[in-house]
Amino acid sequence: MNTTPSPVVGQLSQAVLTDLPTFIASHHRLLVLTGAGCSTDSGIPDYRDADGQWKHSQPVNYQAFMAQAATRQRYWARSLLGWARFGRAQPNATHHALAALEADGRVELLLTQNVDGLHQRAGSQTVIDLHGRLDQVRCIGCGALSPREELQQWLDAANPGWLQLQAGIAPDGDADLEVDFSGFQVPACTHCGGILKPDVVFFGESVPRERVAAVQAHLERADAVLVVGSSLMVYSGFRFVDAAARAGLPVAAVNLGRTRADALLSLKVEIPCAQALAFLLDDASTL
């Protein structure tokens, strides 16, 4: 792999631009863990600031969603507006760079905390969606799966006029909207009448054990970990970096601002993801 970095916007030291390509070139079975910072260039906002603090109100809590009809009304009303933009998002240079890295045979696993499916659309194949995918909806009662786009049409038809409301963009298909949600019609499963929920892991909900076990199996085969665009503040992702460090694997991170794993890192690059990984796209023509 060519380790000569591409020109990058901004005043960046040669050491910073060389260290990351060298780290990647030195390892052949990378477990790549990605977060919201990968998708900001696709128009999907991230959750946290440079200090790891919330930029927006916290996402919906699983227990509240399941227990309170009003919480489900608020969630689906905001999702109706948010999905209209989220569903049109396209992969950006970061997604394509990581797909090129996998095509070069250097990725043991791409583990993403994102729920947008953009890594797969960019061409990555060995992907585990740690927190699920927002483009599917699951019935809590019978487990039936259905496409989110299908539900979008139902929500629009059952709640005329809502799509015309003005709302700000929020992370992961949410929208910044605070109105009276009491009249919003919430969908039910067409098979059993059960509660419908996006097929993602909400805050307060556990990642399925079989998914955790699959990641751990990949981690045992990896020779290093590369974190891209994640503060790792959520334990579900941090646990794998912690396990890697305890096993003696080197860990590098590309992230703007503090991460929960700063003390565990062998290398940290604090520049935007697409800039940091641009050399992978340059290399793609010669891989």
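Description of the structure in this document. (Residues numbered from 1 in each chain as written. Predicted model: local features only at pLDDT ≥ 70, side-chain atom pairs only at ≥ 80, totals over all residues. Heavy atoms only, no water.)

## Notes on the sheet that holds strand β8 (residues 196-200)
The strand order across the open sheet built from three strands is β5-β4-β8, with neighbouring strands paired in antiparallel fashion. Edge positions in the open sheet fall to β5 (145-147) and β8, since each of these has one partner strand only. Adjacent strand axes in the sheet meet at a mean angle of 45°, parallel and antiparallel pairs treated alike. Here three bridges tie strand β4 (residues 132-139) to β5, and the two strands are oriented antiparallel to one another. (Pairing = 2+ DSSP bridges. Helix = DSSP H or I, 4+ residues; strand = E, 2+ residues; numbered from the N terminus. Axes fitted to C-alpha atoms, helices over the stretch in contact; angles between N-to-C directions.)

## Considerations on the environment of Pro-45
Structurally, Pro-45 is set in the loop between β1 (30-34) and α2 (62-67). Judged by its relative accessible area of 22%, Pro-45 is partly exposed. With 41 residues separating them along the chain, Pro-45 and Phe-86 place their C-alpha atoms 9.9 Å apart. (Buried < 20%, exposed > 50% of the residue type's maximum accessible area, 1.4 Å probe, protein only.)

## Regarding the sheet that holds β1
Where strands meet in a sheet, backbone hydrogen bonds hold them as pairs that are either parallel or antiparallel. Across the sheet, which stays open at both edges, the six strands sit in the order β3-β2-β1-β9-β10-β11 with parallel pairing between neighbours. Whereas interior strands pair on both sides, the edge strands pair on one side only; in this sheet they are β3 (127-129) and β11 (267-269). Along the sheet, successive strands turn relative to each other by an average axial angle of 15°, direction set aside. Both strand β9 (residues 224-228) and strand β10 (residues 251-254) contribute to a ladder of four bridges, which runs parallel. Of the residues in β10, the one forming a bridge with Val-228 is Val-254. Helix α4 (residues 93-103) contacts β1, β2 (107-112) and β9 of the sheet and is inclined by roughly 165° relative to β1. (Contact = heavy atoms within 4.5 Å.)

## Thoughts on the nonpolar core
Tyr-75, Trp-76, Leu-134, Trp-162 and Phe-184 are the most contacted members of the largest nonpolar core, which totals 28 residues. Of all elements in the fold, only α3 (69-86), β4, α6 (148-158) and β8 reach the threshold of two or more residues within this core. With residues up to four places along the chain from it excluded, the contact list for Leu-134 reads Tyr-75, Trp-83, Phe-86, Val-115, Arg-148, Asp-172, Gly-173, Pro-198 and Val-200. (Core = buried A, V, L, I, M, F, W, Y, C linked by side-chain atoms within 4.5 Å.)

## A short note on the state of the cysteines
A covalent bond bridging the sulfur atoms of two cysteines is what the word disulfide describes. Taken as a whole and assessed by the stated rule, the structure comprises zero disulfides. The cysteine Cys-38 is free of any disulfide, with Cys-273 supplying the nearest cysteine sulfur at 4.7 Å. (Disulfide = S-S within 2.5 Å.)

## A few points about α3
With 18 residues, α3 should reach 26 Å at 1.5 Å per residue; the first-to-last C-alpha distance of 24 Å fits that figure. Considering bend angle alone, the principal kink of α3 is centred on Leu-80 and spans about 35°. Taken across its 18 residues, α3 has 13 buried, putting it largely inside the fold. (Expected span 1.5 Å × (residues − 1). Bend = angle between axes of the 7 residues up to and from the residue.)

## Looking at the pairing of β2
Strand residues, when the strand is regular, have side chains that alternate between the two faces of the sheet. The element β2 is largely enclosed, with a buried count of six among its six residues. As judged from the five bridges shared by β1 and β2, these two strands associate in the parallel manner. If you follow Leu-31 over to β2, its bridge partner there is Leu-109. Alignment of β2 against β3, held across three bridges, turns out to be parallel. Of the residues in β3, the one forming a bridge with Thr-112 is Asp-129.

## Focus: the side chain of Gln-152
On the secondary structure map, Gln-152 appears in helix α6. Using a relative accessible area of 8% as the deciding quantity, one classes Gln-152 as buried. Apart from the residues lying within four places of it in its own chain, the contact partners of Gln-152 are Ser-79, Leu-80, Trp-83, Ala-84 and Leu-163.

## Quick notes on the packing of aromatic side chains
According to the stated counting rule, one finds seven aromatic pairs in the structure shown. Judged by centre distance (5.2 Å) and plane angle (80°), the rings of Phe-65 and Phe-202 are edge-to-face. Of the two residues, Phe-65 sits in helix α2 while Phe-202 sits in the loop between β8 and α7 (209-221), which places them 137 residues apart along the sequence. Comparing Phe-65 with Phe-202 shows no difference in burial state: the two are buried. Between Tyr-75 and Trp-76, the aromatic rings sit 5.1 Å apart at their centres with planes inclined by 85°, giving edge-to-face as the arrangement. A residue is classified by how much of its surface remains accessible, and Tyr-75, at 14% relative accessible area, is buried. The ring of Phe-202 carries Lys-197 above its face, with NZ or CZ at 4.6 Å from the centroid. Across from the ring centre of Phe-238, 4.6 Å away, lies the NZ or CZ of Arg-260, which sits over that ring. (Phe/Tyr/Trp six-rings, centres within 6.5 Å; stacked < 30°, edge-to-face > 60°. Lys NZ or Arg CZ within 6 Å of the ring centre and 35° of its normal.)

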